[in-house]
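Fold and contact review
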Amino acid sequence: MLDLASVVARHIKKTWKQPCCTLCGANNWAMNGPFGLVPCGVDERGYVTGYRTAEMGSPVITMVCYECGHTVLLDYSILIGMEP
């Protein structure tokens, strides 16, 4: 069984056209997560009205550029081959 780091590395190698950071050009990434990204409710004025339940959230892995801090969210469901 592959560990999470191997799954992420395989996904990036397969799908990212350019592995370097789009902001600074470095190729020095670190993986954090998985985390649950929970969307919040926003009213018509743009104010946050409250958080939704955890079941409505998306599991994500974060890839952080160690040079500039740029962060990319990868949907965990796609990484493991499931529809989000």
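See the structure above.
Anyway, here's the lowdown on the structure attached to this text. (Residues numbered from 1 in each chain as written. Predicted model: local features only at pLDDT ≥ 70, side-chain atom pairs only at ≥ 80, totals over all residues. Heavy atoms only, no water.)

1. A few points about the overall build of the chain
Looking only at helices and strands, the chain features 2 helices and 5 strands. Scored against the burial criterion, the 84 residues of the chain give a buried share of 23%. For the chain, long-range pairs separated by at least 24 residues make up 47% of all intrachain contacts whose partners lie at least 6 apart in sequence. Carbon together with sulfur atoms contributes 55% to the accessible area of the chain, which is approximately 6100 Å² in total. (Helix = DSSP H or I, 4+ residues; strand = E, 2+ residues; numbered from the N terminus. Buried < 20%, exposed > 50% of the residue type's maximum accessible area, 1.4 Å probe, protein only. Contact = heavy atoms within 4.5 Å. Areas by Shrake-Rupley, 256 points an atom, 1.4 Å probe, with all protein chains shown as cover.)

2. What about the nonpolar core?
One recurring pattern in soluble globular proteins: nonpolar side chains tend to sit buried together. Formed by V7, V8, I12, C21, A26, W29, I61, M63, C65, L74 and L79, the largest nonpolar core amounts to 11 residues. Contact partners of M63, with chain neighbours within four places excluded, come to V8, I12, W16, W29, A30, M31, H70, T71, V72 and L74. (Core = buried A, V, L, I, M, F, W, Y, C linked by side-chain atoms within 4.5 Å.)

3. Observations regarding helix α1 (residues 4-15)
Across its 12 residues, α1 extends 16 Å between first and last C-alpha, which sits within 8% of the 16 Å expected from 1.5 Å per residue. Among all positions in α1, only V7, V8, H11 and I12 are buried. One side of α1 holds all its buried residues, which, seen down the axis, span an arc of 130°. The exposed set on the far side of α1, more than 90 degrees from its buried face, consists of R10, K13 and K14. (Expected span 1.5 Å × (residues − 1). Arc of directions from axis to C-beta.)

4. Side note on the side chain of H11
Locating H11 in the fold gives a position in helix α1. For H11, a relative accessible area of 19% translates into the label buried.

5. So, the side chain of T62
Its location among the elements puts T62 in strand β4 (residues 58-65). What makes T62 buried here is its relative accessible area of 9%. Setting aside residues no more than four positions away along its own chain, T62 makes contact with A30, M31, N32, F35, T71, V72 and L73.

6. Notes on the state of the cysteines
Scanning the model with the defined rule gives 0 disulfides in all. Sulfur of C65: no disulfide; nearest cysteine sulfur belongs to C24 and is 3.6 Å away. For the unlinked cysteine C68, the closest cysteine sulfur is that of C21, found at 3.7 Å. (Disulfide = S-S within 2.5 Å.)

7. What to know about the packing of aromatic side chains
Both the distance between ring centres and the angle between the ring planes are used here to describe each pair of aromatic rings. Under the defined criterion, the tally for this structure stands at 1 aromatic pair. Between the aromatic rings of W16 and W29, the centroid separation amounts to 5.6 Å while the plane-to-plane angle is 75°, which identifies the pairing as edge-to-face. Note that W16 is positioned in the loop between α1 and β1 (29-37) and W29 in strand β1, a separation of 13 residues in sequence. (Phe/Tyr/Trp six-rings, centres within 6.5 Å; stacked < 30°, edge-to-face > 60°.)

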